[in-house]
Amino acid sequence: MLISLNVADERLTTAHRAKLAYVYVRQSSVNQVRQHQESTELQYRLVDRAIGLGWPSERVQVIDEDLGKSGAGGVDRHGFQKLIAEVGLGNAGLVVSLDASRLARNNRDWHQLLELCSVFGVLIADGERLYDPRAYHDRLLLGLPGIMSEAELHQLRMRLHQGERQKATRGELRLPLPAGLAYDRAGTIILNPDEEVQARLHLVFAKFRELQSARRVMRYLDRNGLSLPVRPLLGPSPHEIVWRAPDSARVLSILQNPAYAGAYVYGRRQKDPSRCRPGSLTGTVKVAIADWAVCLQAAHPGYISWEEFMANQGRLADNLCRYEAGHSGVPRKGAALLQGIAICGRCGRRMSMRYTGPNADYPVYRCRSDRDQQGSAMCQEVRALAVDALVERMVLDALVPDQIEIALAAAGQLEQESRQLERQWVLRVERARYEAERARRQYEAVEPENRLVARALTRAGLGREAACRRGGRAGACALARARAASDWPGGMRRATSARREPTADLERGHHVGSRSQAHSAICDPRSRS
């Protein structure tokens with residue numbers, strides 16, 4: 001409430017009026033600036049309050065750079081910093097604000113301003129009265145609004161958070177969904193109806209089941225030219241799916257997301273003030289699965305079961321090389337057969353690897369724990385070639401009765417992998433054809449005389465047609481590499497030759513429709529006249 005009391009106050013002196021008066025204006029969010037214009041207008045009218053206290057209008061400055069910024073302390077407020085600087089330089093004689101909550105919503109900023117005003121003799125005025133921070137009783141009165149404004153913000157946050165959590169406990173809080181899931185018209189969570197998105201995510205989980213490493217899954221996708229679906233959460237909804245190149249972070253985000261296991265989870269991350277960057281409110285850390293606030297299993301359809309999701313988390317944790325914690329780590333490159341799993345027969349500790357020879361092609365198992373930890377002699381060192389040969393013989397002898405079944409199972413696995421890869425590229429080419437056809441329809445919907453738009457659509461149509469051709473060629477090359485690397489037996493090749501029609505369609509996908517009348521219309525605008 002703004003009360004215009006322009007009665008002469010003994011606190012006001014000529015020294016105060018010789019300096020400038022600063023009116024600080026702030027709203028906490030952009031929505032408040034847009035919707036609560038009366039409050040903003042009321043703060044701007046504080047200029048009249050400063051004029052009534054004896055300052056000429058030309059010596060009253062308004063600081064409104066912080067409109068739309070929170071005063072909680074997590075965001076850089078350039079206007080408040082400017083006010084602090086002017087007070088510290090001795091340029092200010094009066095600071096006017098509607099109330100304490102406009103200046104600051106945290107005690108750190110509020111008491112910093114009070115201390116500087118006390119040192120430099122600056123008066124503080126709100127909509128009701130005038131305060132002198134040097135006076136004990138005024139300082140006491142100024143401290144209470146600062147405490148109450150911070151407590152009020154805490155109470156608001158607590159009530160909002162409790163309401164949000166109660167809604168999440170019932171599974172009714174609408175949370176952002178990953179690319180593989182979507183909301184239908186009734187608000188129910190379903191699998192993304194895009195077949196290519198579903199097939200790509202099923203492939204990611206299948207390859208992790210096989211390769212047991214997120215980095216290997218990423219390399220497999222990158223080697224075969226397969227992108228990952230991503231739903232950006234910035235900007236207004238609905239958020240469309242975009243395709244991005246695979247990397248380890250994206251693969252891990254898919255494997256670690258419980259929504260793909262059909263679980264409704266709230267509280268996967270919590271705010272950590274020590275991780276907040278300057279000028280940002282974001283700074284969170286992961287919460288352990290056992291400490292999630294809400295976890296409703298089988299709440300909606302998923303790509304894997306909850307048991308497989310938990311097994312995947314255990315596998316990812318074991319992939320970290322921490323032997324003392326019981327994590328063996330993921331198998332790495334190297335010529336040795338037992339790297340990472342060889343145990344010393346003398347002390348029972350895990351043995352490390354060393355490669356010798358002129359080309360570093362002779363692996364050696366070493367037990368160096370005593371030397372590294374105690375400075376004593378090495379426990380033992382064993383060449384790996386003889387040990388690996390013995391282990392290979394033992395494994396092959398154990399597999400002799402089931403050689404035929406193992407060979408057939410391996411051939412079937414290779415065939416299934418080729419079919420999976422083939423399916424991915426068939427869907428990708430189908431999407432490219434749809435985009436090219438869509439560009440053709442857009443072009444035909446434009447008036448022939450509107451050349452400004454027609455030329456841009458022509459270039460877009462040609463670009464999508466070229467993408468369709470590149471997709472067909474890349475898919476054929478990827479399948480050829482997969483088949484060459486698989487080294488199938490000749491009989492299995494002949495048995496699968498009858499199922500190669502989709503691959504042939506991929507190889508000639510850049511010819512199908514590329515010379516059709518529709519694309520000719522895009523390439524030659526005169527055909528439409």
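Please read all numbers here as calculations on a predicted model, not as lab measurements.

Definitions and cut-offs
- Residues numbered from 1 in each chain as written.
- Predicted model: local features only at pLDDT ≥ 70, side-chain atom pairs only at ≥ 80, totals over all residues.
- Heavy atoms only, no water.
- Salt bridge = Lys/Arg side-chain N within 4 Å of Asp/Glu carboxyl O.
- Buried < 20%, exposed > 50% of the residue type's maximum accessible area, 1.4 Å probe, protein only.
- Helix = DSSP H or I, 4+ residues; strand = E, 2+ residues; numbered from the N terminus.
- Pairing = 2+ DSSP bridges.
- pLDDT = per-residue confidence, 0-100.
- Contact = heavy atoms within 4.5 Å.
- Lys, Arg positive; Asp, Glu negative; His and termini not counted.
- Polar contact = N/O pair within 3.5 Å; in protein donor to acceptor, adjacent residues only side chain to side chain.
- Phe/Tyr/Trp six-rings, centres within 6.5 Å; stacked < 30°, edge-to-face > 60°.
- Axes fitted to C-alpha atoms, helices over the stretch in contact; angles between N-to-C directions.
- Expected span 1.5 Å × (residues − 1).

Section: the pattern of salt bridges
- Taken as a whole and judged by the stated rule, the model has 17 salt bridges.
- A salt bridge links Arg 102 to Asp 99, with the nearest nitrogen and oxygen atoms 3.9 Å apart.
- When its relative accessible area of 10% is taken as the criterion, Arg 102 is described as buried.
- The salt bridge involving Glu 196 is made with Arg 200; its shortest N-O contact spans 3.3 Å. With a gap of four residues between them, Glu 196 and Arg 200 both fall in helix 9 (residues 195-211), about one helical turn apart. Per residue, the accessibility class of Glu 196 equals that of Arg 200, and both read buried.

Notes on the sheet that holds strand 2 (residues 60-67)
- Taking strand neighbours across the sheet as the criterion, the five strands line up as 2-1-3-4-5 in an open arrangement whose pairing is mixed. This sheet does not close on itself; its edge strands, each paired only once, are strand 2 and strand 5 (130-131).
- As paired strands, strand 1 (residues 20-27) and strand 3 (residues 92-96) are joined by four bridges and run parallel to one another. Looking across to strand 3, one finds that Ala 21 is bridged to Leu 94.

Brief notes about the confidence of the model for the chain
- Summing up the model confidence of the chain, the mean pLDDT is 79 and the portion of residues at 70 or higher is 76%.
- Contacts for the low-pLDDT stretch residues 1-8, under 50 throughout, to residues beyond four places or in other chains number 14 contacts.
- Note on residues 486-529: pLDDT is under 50 here. Beyond four places in sequence and across chains, it has 62 contacts.

Observations regarding the side chain of Asp 126
- The topology assignment puts Asp 126 in the loop between strand 4 (123-125) and strand 5.
- It is Arg 49 that comes nearest to the buried, bridge-free Asp 126 among opposite-charge side chains, at 4.8 Å.
- At 2.8 Å, the side chain of Asp 126 and the backbone nitrogen of Arg 129 are in polar contact.
- Contact partners of Asp 126, with chain neighbours within four places excluded, come to Arg 49, Ser 97, Leu 98, Asp 99 and Tyr 131.

Points about the environment of Leu 94
- Position of Leu 94 among the secondary structure elements: in strand 3.
- Separated by 36 residues in sequence, Leu 94 and Leu 130 have C-alpha atoms that sit 9.5 Å apart.
- If sequence neighbours within four positions are ignored, Leu 94 has contacts with Leu 20, Ala 21, Tyr 22, Ala 50, Leu 53, Trp 55, Val 122, Leu 123, Ile 124, Ala 125 and Leu 130.

Focus: the packing of aromatic side chains
- With the rule as written, the count across this model stands at four aromatic pairs.
- Ring centres of Tyr 24 and Phe 80 lie 6.3 Å apart, and the angle between their planes is 80°; this geometry places the pair in the edge-to-face category. In this pair, Tyr 24 is assigned in strand 1 and Phe 80 in helix 5 (residues 78-88), connecting sequence segments 56 residues apart. Neither Tyr 24 nor Phe 80 differs from the other in exposure class; each is buried.
- Ring geometry for Phe 205 against Tyr 260: centres 6.0 Å apart, planes inclined by 70°, an arrangement best described as edge-to-face. One end of the pair, Phe 205, is in helix 9; the other, Tyr 260, is in the loop between helix 11 (248-255) and strand 10 (264-266), and 55 residues separate them in sequence.
- A residue is classified by how much of its surface remains accessible, and Phe 205, at 2% relative accessible area, is buried.

Details of the sheet that holds strand 15 (residues 362-367)
- With respect to topology, three strands assemble into an open sheet ordered 14-15-16, the strand pairing being antiparallel. Either end of the sheet is taken by a strand with one partner, and the two such strands are strand 14 (352-356) and strand 16 (380-383). Neighbouring strand axes in the sheet, compared pairwise and without regard to direction, differ in orientation by 30° on average.
- Bridge count between strand 15 and strand 16: four bridges; the pairing is antiparallel.

Focus: helix 9
- End to end, helix 9 covers 24 Å across 17 residues, agreeing with the expected 24 Å (1.5 Å per residue, within 8%).
- Within the sequence span of helix 9, burial applies to Glu 196, Val 197, Ala 199, Arg 200, Leu 201, Leu 203, Val 204, Phe 205, Ala 206, Lys 207 and Phe 208.
- One side-chain oxygen at the N-terminal end of helix 9 lies 2.9 Å from the backbone nitrogen of Glu 196; it belongs to Asp 194.
- Note on helix 9: the residue one or two positions beyond its end, Gln 212, has a positive phi of about 65°.

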